[in-house]
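# Survey of secondary and tertiary structure
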Amino acid sequence: MTTCDLQSYRSSQSALAMQHLLLTSAVVVLFVCTKSYVNQLRRQHARCTVVVIGAGPVGLTTLLIASRCPHVERLVLYEEVSRSTLINRGHQIALDKKTLQFLKDLEVDFDNMEGCVERSIFYTRVGIFLEHTLDMISKLPLPMDIKFDTKFTRERVQEVEAMSGRKVVIACDGSTGQAARLLGLSDEFLQTTCRAYGAIASMDRNDQCSVPMPERRVHGLVFDLSAYGIDTSEMTDAAGFTLKLYGSSRHRCMCLAIPKSESLLVKNMRLILDRSMMRNIFIKCFNTCRTKSEGELSDTWACDTCVSRPVCSTSNSSSAWNSRLLRGRRHVRAGGGRGQPLLQLSDRAGCKHGNEGADDAEPLARTSCLCTNRA
């Protein structure tokens, strides 16, 4: 092979290598650009709007959780009553240690919230908690639309479906809400027996300020029913009733409970006593077990005290979390049940176990992340 042929061969090989290099570079650049564009489209398609129905403690906590999800781009809240009505609610909630830590992780500042702490339980008026949480939500960097005085109806369902992009709808409108039914979800409640008999009473003392107060429990109460014509000489109930006194200084509630039994005391209180007799028993229980800062109740308060049926069977009623995903071309919609358990009596009177449903909202509030991961 001559020198001229060797140089020509080397030149052709160099040109071929350069072509391969340029082609490989072009393919790599095209792959990177295509992948980046597809990822961008997926991120845009994955972002969603979270719609929460109900501005109670669980609903507002759900908004706080949703605001931390990276794929949420907008928050919408529907609440049937006005903001002033919401924050002026007078009943009291109790946050146990687990719930308290959960809310602190969401940066809820309990140090600047009116309330009291006893045995690691924080007591406050629900309106104070809602006002504080609404102030936190108003400072979130996400776009949001808070709709007070707006009941969630079929027209609102159409309004939500008309929103662009993906939607996650979470129903937190309480035991009497209709959102779950409108969203096509089951509103069935799970009933579990408490294996106890009980009765509750509540009263509003409008001359008192609404100051949060810790719960007070007294065990082993046995009542002398001889004044009602009931012979108590043979009643030897060892366990006795447990009295729970709770609520703020203005809105006071009392609950009497005893394990199920066929003792004479229980039978007589279930079958013989009427509401007026139970009202008198609750008044005497309050005067005996009240805190030192509270004044005694006179007989005139009997007319202003709301009492459930006499001692009856109790059950724990709560709605199971449920969700329904409707996959369309442009949205995923999910809905959930209410997370607030109630201690319900057979006449549908109930007393709330504090705010135990708040941390249960987290799994459903994070449905937006679940939806985007499946996209």
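Here we summarise the structure given alongside this text. (Residues numbered from 1 in each chain as written. Predicted model: local features only at pLDDT ≥ 70, side-chain atom pairs only at ≥ 80, totals over all residues. Heavy atoms only, no water.)

### Observations regarding the overall build of the protein
Regarding its fold elements, the protein presents 11 helices and 17 strands. Burial statistics for the protein: of 375 residues in total, 45% are counted as buried. Here the contacts in the protein between residues at least 6 apart in sequence split such that 77% fall between residues at least 24 apart. Here the protein has roughly 20100 Å² of accessible surface; of this, 51% comes from carbon and sulfur atoms. (Helix = DSSP H or I, 4+ residues; strand = E, 2+ residues; numbered from the N terminus. Buried < 20%, exposed > 50% of the residue type's maximum accessible area, 1.4 Å probe, protein only. Contact = heavy atoms within 4.5 Å. Areas by Shrake-Rupley, 256 points an atom, 1.4 Å probe, with all protein chains shown as cover.)

### Overview of the sheet that holds strand β3 (residues 92-95)
Taking strand neighbours across the sheet as the criterion, the three strands line up as β3-β5-β4 in an open arrangement whose pairing is antiparallel. The open sheet terminates on both sides in strands that have one partner only, identified here as β3 and β4 (116-118). Shown here is a sheet whose adjacent strand axes are inclined to one another by a mean of 25°, direction ignored. Sitting on the sheet, helix α5 (residues 126-138) is in contact with β3 and β5 (121-125), with an inclination near 90° to β5. (Pairing = 2+ DSSP bridges. Axes fitted to C-alpha atoms, helices over the stretch in contact; angles between N-to-C directions.)

### Looking at the nonpolar core
Among the nonpolar cores identified, the biggest contains 37 residues, and Val-50, Leu-60, Leu-95, Leu-103, Phe-110 and Phe-129 are the most heavily contacted of them. In terms of residues, this core owes the most to one element, α5, which gives seven residues. Membership of the second largest hydrophobic core comes to 29 residues, among which are Tyr-197, Val-266, Ile-281 and Cys-289. (Core = buried A, V, L, I, M, F, W, Y, C linked by side-chain atoms within 4.5 Å.)

### Examining the packing of aromatic side chains
A full pass over the atoms with the stated rule returns three aromatic pairs. Ring centres of Phe-110 and Phe-122 lie 5.1 Å apart, and the angle between their planes is 65°; on these two criteria the pair is classed as edge-to-face. Here the residue Phe-110 occupies a position in the loop between α4 (97-105) and β4, and Phe-122 occupies one in strand β5, the gap between them amounting to 12 residues. Here Phe-110 and Phe-122 have matching classes, each one buried. Of note, Lys-244 hangs over the ring of Tyr-246, and the distance from its end group to the ring centre comes to 4.9 Å. (Phe/Tyr/Trp six-rings, centres within 6.5 Å; stacked < 30°, edge-to-face > 60°. Lys NZ or Arg CZ within 6 Å of the ring centre and 35° of its normal.)

### Topic: the sheet that holds strand β2 (residues 72-78)
The sheet built from four strands is open, its strands ordered β6-β2-β1-β7 with parallel pairing. Because the sheet does not close on itself, it has two edges, and the strands there are β6 (144-147) and β7 (166-171). Ignoring strand direction, the axes of neighbouring strands in this sheet form an average angle of 15°. Note: strand β1 (residues 48-53) against β2, six bridges, orientation parallel. Paired with Thr-49 across the bridge in β2 is Arg-74.

### Some remarks on a nonpolar patch on the surface
Taken together, Met-18, Leu-21 and Leu-22 make up a surface patch of nonpolar side chains, about 310 Å² in accessible area. Relative to the elements of secondary structure, Leu-21 occurs in helix α1 (residues 3-46). (Patch = residues over 30% accessible without salt bridge, like charges linked within 9 Å, V, L, I, M, F, W, Y side chains within 5 Å. Salt bridge = Lys/Arg side-chain N within 4 Å of Asp/Glu carboxyl O.)

### Overview of the pattern of salt bridges
Tallied over the full model, the rule gives 11 salt bridges. Of the charged contacts, one joins Asp-145 and Arg-74 as a salt bridge, the two residues approaching to 3.9 Å between their closest N and O atoms. Of the two residues, Asp-145 sits in strand β6 while Arg-74 sits in strand β2, which places them 71 residues apart along the sequence. A relative accessible area of 24% places Asp-145 in the partly exposed class. A salt bridge links Glu-159 to Arg-156; the nearest nitrogen and oxygen atoms lie 2.8 Å apart. Residue Glu-159 and its partner Arg-156 are located together in helix α6 (residues 154-161), separated by three residues, close to a single helical turn. Since its relative accessible area comes to 29%, Arg-156 is described here as partly exposed. What emerges from the salt-bridge pattern is a single network uniting Arg-74, Asp-145, Lys-147, Arg-156 and Glu-159.

### Concerning the pairing of β5
Most of β5 sits out of view: four of its five residues are buried. Judged from the four bridges that link them, β3 and β5 form a sheet pairing that is antiparallel. By the bridge assignment, Ile-93 is partnered in β5 with Thr-124. With three bridges connecting them, β4 and β5 associate as antiparallel partners. For Val-117, the partnering residue across the bridge sits in β5 and is Phe-122. A loop of two residues connects β4 with β5, the two strands running antiparallel in sequence, and Arg-119 in this loop sits at a positive phi of about 55°.

### A word on the side chain of Glu-79
Its location among the elements puts Glu-79 in the loop between β2 and α3 (83-87). Buried charged residue Glu-79 carries no salt bridge. Nearest counter-charge: Arg-89, at 4.2 Å. A polar contact of 2.6 Å, which involves the side chain of Glu-79, links it to the backbone nitrogen of Ala-55. In this structure, Glu-79 is in contact with Gly-54, Ala-55, Gly-56, Leu-86, Arg-89, Lys-147, Phe-148, Asp-149 and Thr-150, ignoring residues within four places of it in sequence. (Lys, Arg positive; Asp, Glu negative; His and termini not counted. Polar contact = N/O pair within 3.5 Å; in protein donor to acceptor, adjacent residues only side chain to side chain.)

### Description of α4
Taken together, the buried positions of α4 are occupied by Thr-99, Leu-100, Phe-102 and Leu-103. Seen from one end, α4 has its buried residues packed into an arc of 160°, which puts them on one side. For α4, exposure combined with an orientation more than 90 degrees from the buried face picks out Lys-97, Lys-98 and Asp-105. Positive phi appears at Glu-107, one or two residues downstream of α4, with a value of about 70°. (Arc of directions from axis to C-beta.)

In short, geometric facts, not functional conclusions.
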